[in-house]
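# Notes for the structure review
Next come the chains, spelled out residue by residue.
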Amino acid sequence: MTAVARSHEYRLDLQTQSDRVDDGRRGVANAQNALLPDADFNATANLPTTSQKKHAGFDLNAGEGSYTAGVTLGAPLDRRNERLQLRSTMIDLERLHRSYTLLRDQITQSVRRSVRRIERARFDLHLQTRRVEFAKRQLTGAKLRERSQGINRVIDAEDALTNAENERDRA
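Residues numbered from 1 in each chain as written. Predicted model: local features only at pLDDT ≥ 70, side-chain atom pairs only at ≥ 80, totals over all residues. Heavy atoms only, no water.

### Quick look at the overall build of the protein
In terms of helices and strands, the protein carries five helices and two strands. Each helix and strand of the protein, placed in order from N terminus to C terminus, yields the pattern α-α-β-β-α-α-α. Relative to the globule expectation of 16 Å for 171 residues, the C-alpha radius of gyration of the protein, 40 Å, shows a markedly less compact shape. Based on the C-alpha atoms only, the size of the protein along its principal axes is roughly 130 × 50 × 20 Å. Out of the 171 residues in the protein, the part that is buried amounts to 18%. Contacts in the protein between residues at least 24 apart in sequence constitute 74% of all its contacts with a sequence separation of at least 6. Here the protein displays about 13,500 Å² of accessible surface, and carbon together with sulfur accounts for 50% of that area. (Helix = DSSP H or I, 4+ residues; strand = E, 2+ residues; numbered from the N terminus. Rg over C-alpha atoms; globule rule 2.2 N^0.38 Å. Buried < 20%, exposed > 50% of the residue type's maximum accessible area, 1.4 Å probe, protein only. Contact = heavy atoms within 4.5 Å. Areas by Shrake-Rupley, 256 points an atom, 1.4 Å probe, with all protein chains shown as cover.)

This is how it looks when you write it as structure tokens:
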């Protein structure tokens, strides 16, 4: 799994933005639902009671009560406000989706930049380590040829080794 994929999976700010997009989708679904026809069911039951009955004045006898039931249907004829609400939630969803995409792209760019910096630092460290090895070989060679070339070559090689080690440590 790449660093970019892991950042998309584990970054909490991106997950939060993704959750907001999901909330926006649910809001659009709810607004679409408001445009559908309505059907309401209602029912009432009235049962007579008297204090002379055994069970707290309640004795169920279906023939003595009154009952009503009804259904109310609402046709979606004039749903201007609901259509406007749907349009508004769709615009909000697009805005949330763009924000999510922008954040995801920014995270991707940041991760790639960081990975490139890490790779460059590793490469620099490798180069500086090789430079230290080369400086050590030069110092060894200068010490072996000290009598023929003089002490200045040894001092220069020691300085080069010190500089190479310092550059390696900085890398």
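### Section: the environment of Gln 106
Along the chain, the position of Gln 106 falls in helix 3 (residues 80–144). In this structure the C-alpha to C-alpha distance between Gln 106 and Ala 135, which are 29 residues apart in sequence, comes to 43 Å.

### Details of the pattern of salt bridges
Under the counting rule described, the total for this entry stands at eight salt bridges. With a closest N to O distance of 3.9 Å, Arg 104 and Asp 105 form a salt bridge. Its relative accessible area of 42% is what places Asp 105 among the partly exposed residues. As a salt-bridge pair, Glu 167 and Arg 170 come within 2.4 Å of each other at their nearest N and O atoms. (Salt bridge = Lys/Arg side-chain N within 4 Å of Asp/Glu carboxyl O.)

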